[in-house]
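Secondary and tertiary structure notes
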Amino acid sequence: MRVALFLTCVNDTLYPDTGRAVVKLLTRLGVEVDFPMAQTCCGQAHYNTGYRHEAEPLARHFSDVFGEYEAIVTPSGSCGAMVRELYPRMGDRARAEGRGDTLAATLAPVVPKTYELTEFLVDVLGVTDVGAYYPHKVTYHPTCHGLRSLGLGDRPSRLLRAVKGLELVELPGAEECCGFGGTFAVKNSDVSAAMGADKVRNAESTGAEVLCAADNSCLMHIGGTMARLRTGMRPVHIAEILASTEEETAV
């Protein structure tokens, strides 16, 4: 199977190791992974900030870049939700504004074949045991887009439970938002910080060494709060855990 890695802006700029982990993991499972160099922002930042029309050229470009692939895999629930949930909405809105069906037709091919990493592993490849080894106590935070927009459910937890050496502990208040929300953290910084502190206190109560999630934007927010509170916990993307093996163990 030939798939494209949609890395996303945050990972490309700040967390390239997550992208390397996805390639390592999928290659180990027999998947051919391409990284289209022409990929750019999917338009989520623009759309969520109210610049809906400005997001349209980015969405068109996304479809041009990724349209030829069997599947598009991303280690980001929020960017995956942008394609799956909001691209169709953009097309519908353009039609309602009297601009025809062109945008909807352009975006339609990429919507059903865009997958967040864990749902690609479980639903498309049909695996939960990916041969990983990670000897740490871990708690999992289900990010808002993965939980509510994509409906990832227990897919990430099933994958984590199958990791050799990993002890998975339940996170109290797991379904509560961490407070990031993109520009929400800037516009409502006091509320965002309080929500982040609540999330970190709940994580710390588990005694886990690592807080894991499937979206580095949320982990960035939570990790910053952990550092300020000096908890000693580490935020780690699930891709890096699943890519870890006994021969090459992630920290």
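Structure shown above.
Described in the following lines is the structure provided in the data block. Keep in mind it's a predicted model, so treat the numbers as computed, not measured. (Residues numbered from 1 in each chain as written. Predicted model: local features only at pLDDT ≥ 70, side-chain atom pairs only at ≥ 80, totals over all residues. Heavy atoms only, no water.)

With that settled, the discussion passes to the layout of surface pockets. By volume, the largest pocket amounts to about 570 Å³. Surrounding the largest pocket, 30 residues form its lining, Gln44, Asn48, Ser78, Phe180 and Gly182 being those nearest its centre. At five residues, the largest contribution of residues to the lining of the largest pocket is made by helix α5 (residues 77-96). In terms of residue class, the lining of the largest pocket is built from 13 nonpolar, 15 polar and two charged. (1 Å grid on protein atoms, 1.4 Å probe; cavity = no way out; pocket = protein on both sides within 12 Å on 5 of 7 lines; lining within 4 Å. Points joined across faces, edges and corners; volume = space filled by probe spheres on them. Helix = DSSP H or I, 4+ residues; strand = E, 2+ residues; numbered from the N terminus. Nonpolar A, V, L, I, M, F, W, Y, C, P; charged D, E, K, R; others polar.)

The next subject is the sheet that holds strand β5 (residues 137-140). Strand order across the open sheet formed by four strands is β6-β5-β7-β8, with parallel pairing between neighbours. Among the strands making up the open sheet, the edge pair consists of β6 (167-169) and β8 (234-237). On average, adjacent strands in this sheet sit at an angle of 35° to one another, irrespective of strand direction. Across three bridges, the pairing between β5 and strand β7 (residues 210-213) is parallel. Looking at the pairing, Val138 lines up with Val210 of β7. (Pairing = 2+ DSSP bridges. Axes fitted to C-alpha atoms, helices over the stretch in contact; angles between N-to-C directions.)

Below, the discussion takes up helix α12 (residues 216-229). When the terminal C-alpha atoms of α12 are compared, their 19 Å separation across 14 residues agrees well with the 20 Å that a helix rising 1.5 Å per residue should span. Buried residues of α12: Asn216, Ser217, Cys218, Leu219, His221, Ile222, Gly223, Thr225 and Met226, and no others. Looking at the packing, one finds that the buried side of α12 touches α1 (9-14), α2 (16-28), α5, α11 (189-205), β7 and β8. Of the residues trailing α12, Arg230 is marked for its positive phi of about 55°. (Expected span 1.5 Å × (residues − 1). Buried < 20%, exposed > 50% of the residue type's maximum accessible area, 1.4 Å probe, protein only. Contact = heavy atoms within 4.5 Å.)

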